[in-house]
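Chains, contacts and geometry: an overview
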Amino acid sequence: MKHIKLLIGILLFTFSVAEFQAQEINWMSMNEALAAQKKAPKKIFMDAYTTWCGPCKLLDKNTFTNKDVINFINKHFYAVKFNAEGTEEITYKDFKYTNPNFDPERKGRNSQHFFANALKISGYPSLVFFDEKSNVIAPVTGYRTPQQLEIYLKMIANNDYMKLNSPEAWQAYEKNFKGSFKD
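The rules we used
Residues numbered from 1 in each chain as written. Predicted model: local features only at pLDDT ≥ 70, side-chain atom pairs only at ≥ 80, totals over all residues. Heavy atoms only, no water. Helix = DSSP H or I, 4+ residues; strand = E, 2+ residues; numbered from the N terminus. Buried < 20%, exposed > 50% of the residue type's maximum accessible area, 1.4 Å probe, protein only. Contact = heavy atoms within 4.5 Å. Areas by Shrake-Rupley, 256 points an atom, 1.4 Å probe, with all protein chains shown as cover. Pairing = 2+ DSSP bridges. Disulfide = S-S within 2.5 Å. Phe/Tyr/Trp six-rings, centres within 6.5 Å; stacked < 30°, edge-to-face > 60°. Lys NZ or Arg CZ within 6 Å of the ring centre and 35° of its normal. Lys, Arg positive; Asp, Glu negative; His and termini not counted. Salt bridge = Lys/Arg side-chain N within 4 Å of Asp/Glu carboxyl O.

1. Details of the overall build of the protein chain
Regarding its fold elements, the protein chain presents seven helices and seven strands. When burial is assessed residue by residue, the protein chain has 39% of its 183 residues classed as buried. Within the protein chain, contacts between residues separated by at least 24 positions form 66% of all contacts whose residues are at least 6 apart in sequence. Accessible area of the protein chain: about 11100 Å², with a carbon and sulfur share of 56%.

Written as structure tokens, this is what we have:
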């Protein structure tokens, strides 16, 4: 009887851990996502953040912990977490991007990474979408709730963005969009 209780306890713990682990976005570096794209083409969703950015921390806390957001991103995108003021070396389109002006002694704002500069990121957080061939589709700047992010995730994943060629087309798309993400 003791063995059965122990086995049940171990199984419950294992399922709890597996459930918890399944409820996180599968973040990777940009280099890892680009390598993965070569093996299995998939769009890239990049969270460009900084360590000092309050809205970036809220995005992590409130949006990237949402079960619907997690499941959708993991299914449809390679998810990239990119410190836009960090020191990661990124090779993108045969060019190496670095941050040679990064000052490790500096607190708060630091030098912008050259890759963030090349993507024309001007605010944080910035959510940048790339197609299956790693071409930039669009950046979305600013904090988004799960429900606010849903329209962008689905528009990009379903290639609906290709049909939106005017402000009026976007307004019509936005008006007719029926979200399903819960709190």
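From this point on, the discussion continues.
2. Here we look at the pairing of strand β6 (residues 126-130)
A large share of β6 lies buried, amounting to five of its five residues. With burial as the criterion, each face of β6 is covered, one bearing Ser 126, Val 128 and Phe 130 and the other bearing Leu 127 and Phe 129. Two elements, strand β2 (residues 43-49) and β6, share five bridges in a ladder whose sense is antiparallel. Bridge pairing in β6 places Ile 44 opposite Phe 130. With five bridges connecting them, β6 and strand β7 (residues 136-141) associate as antiparallel partners. Bridged to Ser 126 within β7 is Thr 141.

3. Points about the environment of Asn 117
Take Asn 117: it is sitting in helix α5 (residues 114-118). Spatially, the C-alpha atoms of Asn 117 and Tyr 97 are 9.6 Å apart, while their sequence positions differ by 20 residues.

4. Here's the deal with the state of the cysteines
Under the counting rule described, the total for this entry stands at one disulfide. In this model Cys 53 forms its disulfide with Cys 56; the gap between the sulfur atoms is 2.3 Å. Disulfide Cys 53 to Cys 56: torsion about the S-S bond roughly 85°, handedness right-handed. Taken individually, Cys 53 and Cys 56 each receive the classification buried, so the pair is uniform in this respect.

5. A closer look at the packing of aromatic side chains
Overall, the coordinates contain 16 aromatic pairs when judged by the stated rule. Chaining the aromatic ring pairs together yields one cluster made of Phe 82, Tyr 92, Phe 95, Tyr 97, Phe 115 and Phe 130. Here Lys 42 stacks its cationic end above the ring of Tyr 78, 5.0 Å away from the centre of that ring. Lying over the aromatic face of Tyr 49, Lys 81 brings its terminal NZ or CZ to 5.2 Å of the ring centre.

6. Observations regarding the sheet that holds β2
Read from one edge to the other, the open sheet built from five strands follows the order β1-β3-β2-β6-β7, with strand pairing classed as mixed. Since the sheet does not close on itself, it has two edges, and those belong to β1 (27-28) and β7, each with one partner.

7. Side note on the side chain of Glu 85
Mapped onto the elements of the fold, Glu 85 is located in the loop between β3 (77-83) and β4 (90-92). Among buried Asp, Glu, Lys and Arg side chains, Glu 85 stands out as unpaired, with Arg 109 the closest opposite charge at 5.4 Å. Excluding residues that lie within four positions of it along the chain, Glu 85 makes contacts with Tyr 49, Thr 50, Trp 52, Asn 99, Phe 102, Gly 108, Arg 109, Asn 110, Ser 111, Gln 112, His 113 and Tyr 124.

8. Brief notes about the pattern of salt bridges
Using the criterion set out here, one finds six salt bridges in the structure. Measuring nitrogen to oxygen at the nearest pair gives 2.8 Å for the salt bridge that ties Glu 132 to Lys 43. Highlighted residues: Glu 132 in the loop between β6 and β7 and Lys 43 in strand β2, separated in sequence by 89 residues. Looking at Lys 43, the relative accessible area reads 4%, which means it is buried. The residue Lys 163 makes a salt bridge to Asp 160 at a minimum N-O spacing of 3.4 Å. Overall, Asp 160 belongs to the buried group, its relative accessible area being 15%.

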